[in-house]
Amino acid sequence: MAPMVQQTGLPDGTATEAAAVFYGARAQAGTGLIIVEATAVEPDARCWPGGLGAYLPQHREGLARIASAIRAGGACACLQLVHGGPQASPAVIGGPGWGPSAIPPNSNFPPPRELPRDALSDLQGRFVAAAEMAAEAGFQAVELHGAHGYLLDSFLSPNRNRRADDYGGSIENRLRMLEETVRRTRERLGERLLVGCRVSFFNHAHEGFGHDAFRTILAALERAGCDLLHISCDGWSRTWFDTGRTQGQLAKETVRIPVIVAGSLGDSREAERAVAEGHCDVAAIGRAMKSAPDWAARAHRRLVANRRTGDADPP
Ligand SMILES: Cc1cc2nc3c(=O)[nH]c(=O)nc-3n(C[C@H](O)[C@H](O)[C@H](O)COP(=O)(O)O)c2cc1C
């Protein structure tokens, strides 16, 4: 199951019972891996009212209820960790967000405040601390949100990152923030958690960010210790509902760790094809699983029935 913000949290970011029930139902249906929605790593990271947090002591219990509901259903529990950066909600955080440079993502956001060089290590530490809370809450994996224009992704972009220090300029410099965050999370928690990372082409294609840069990023993430890569969307059309299969295939050619792909795979035959055709190892399902809690059970029944009849691609 792909991460999807539910906006059922309390104003302070604590998860309510509604979240445990929501994720538990999808786990009971036989979903293999559930990536719980983007969860903020600090107050200025918040992107939505009702979003979850993993930075206050009181967040731990609600997260533990979610992890427990997922594991009771037999699924692997993964928590996605996000810093909204320039796309944090000004209404929620009470002002503009933070970014690599004071360049707004689009006309919906004010220019973010430029992060000073000496704040970057602390921000990476926020991800590590949130991952630690995820482990304590019983999650078996975390996914660092390096996609969709949020903080870690905005460092990658040559248009949003105009820094003159060693976190801006070349692709090697622009990916330093993401790479160091993965490495530090893995070093601290690699024994207790799988550490994944979600990346996308969102916004990058039209910013002169080509396949070579994407490959460089994927290879660097694998070297930094990523256990799983999750690719969402095809950036050429710049929407995260589009399939990430093209980039998934690119990732499969570039790295040896498992590759998850999301985007319009809600017809289980599409999901099966994405795996069979080598575009990913794992298909992530978003909207279809949000609207149908038993999506996995139905997909499984169809697969078993097809195997019995030898029908590879039924109507
Ligand atoms: C309501 C909603 C909330 C979403 N929230 C997140 C999120 O928290 N983190 C994330 O990386 N992607 C998020 N996405 C994107 C999905 O994970 C997924 O990549 C996208 O919906 C495409 O998959 P689908 O076609 O199967 O829905 C969200 C999508 C929807 C529809």
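Each chain has its residues counted from 1, following the order in which its sequence is written. Thresholds applied to this predicted model are a pLDDT of at least 70 for local features of residues and 80 or more for the giving and counting of side-chain atom pairs; totals over whole chains, interfaces and linings are not thresholded and use all residues. Side-chain calculation: all heavy atoms of the structure are included, whereas hydrogens and water are not.

Trainee: What exactly am I supposed to notice about the state of the cysteines here?
Mentor: Such a bond, covalent and formed between the sulfur atoms of two cysteines, is termed a disulfide. Only a pair of cysteine sulfur atoms within 2.5 Å counts as a disulfide in this structure description. Inspection of the entire model under this criterion finds 0 disulfides. Not part of a disulfide, Cys-47 finds its nearest cysteine sulfur in Cys-197, a span of 16 Å. Unpaired in this structure, Cys-78 has its nearest cysteine sulfur neighbour in Cys-76, at a distance of 6.8 Å.

Trainee: I keep staring at the pairing of strand E8 (residues 228-232) and nothing clicks. Help me out?
Mentor: Consecutive residues of a regular strand have side chains that alternate between opposite faces of the sheet. Partly exposed describes any residue whose relative accessible area lies between the buried limit of under 20% and the exposed limit of over 50%, with all areas from a 1.4 Å probe on protein chains only and scaled to the type maximum. Strands are runs of DSSP state E lasting at least 2 residues, helices are runs of H or I lasting at least 4, and numbering of each runs from the N terminus. Of all 5 residues in E8, 5 are buried, a share of seventy percent or more. Burial along E8 is two-sided: Leu-228, His-230 and Ser-232 facing one way and Leu-229 and Ile-231 facing the other are all buried. Pairing between strand E7 (residues 194-200) and E8: 5 bridges, direction parallel. What sits directly across from Cys-197, in E8, is Leu-229. In short, DSSP must find at least two bridges between two strands for them to pair. When E8 meets strand E9 (residues 259-262), the two strands line up parallel, connected through 4 bridges. When the bridges of E9 are listed, Leu-229 appears paired with Val-259.

Trainee: I'm lost on the nonpolar core in this one. Help?
Mentor: Only buried Ala, Val, Leu, Ile, Met, Phe, Trp, Tyr and Cys residues count toward a nonpolar core, and they belong to the same one when joined by side-chain atoms within 4.5 Å. Judged by nonpolar contacts, the single largest core of 79 residues is most densely connected at Tyr-23, Val-36, Ile-66, Ile-70, Leu-81, Phe-139 and Leu-221. Whether two residues touch is decided by their heavy atoms; if any such pair falls within 4.5 Å, the residues are in contact. Those residues within four positions of Leu-81 in sequence are excluded, and the remaining contacts are Thr-39, Val-41, Phe-127, Ala-130, Ala-131, Val-142, Glu-143, Leu-144 and His-145. Membership of the second largest hydrophobic core comes to 7 residues, among which are Ala-2, Ala-141, Ile-260 and Ala-262.

Trainee: What exactly am I supposed to notice about the sheet that holds strand E1 (residues 33-40) here?
Mentor: Hydrogen bonds between backbone atoms are what pair the strands of a sheet, whose relative direction is either parallel or antiparallel. The strand order E2-E1-E3-E6-E7-E8-E9-E10 describes an open sheet built from 8 strands, whose pairing is parallel. Edge positions in the sheet fall to strand E2 (52-53) and strand E10 (282-284), since each of these pairs with one other strand and no more. Across the sheet, helix H4 (residues 120-136) touches strand E3 (76-82) and strand E6 (141-146), and the angle it forms with E3 is around 155 degrees. Every angle, taken between N-to-C directions, lies between 0 and 180 degrees, and every axis is a line fitted to C-alpha atoms, over only the stretch in contact when it is a helix.

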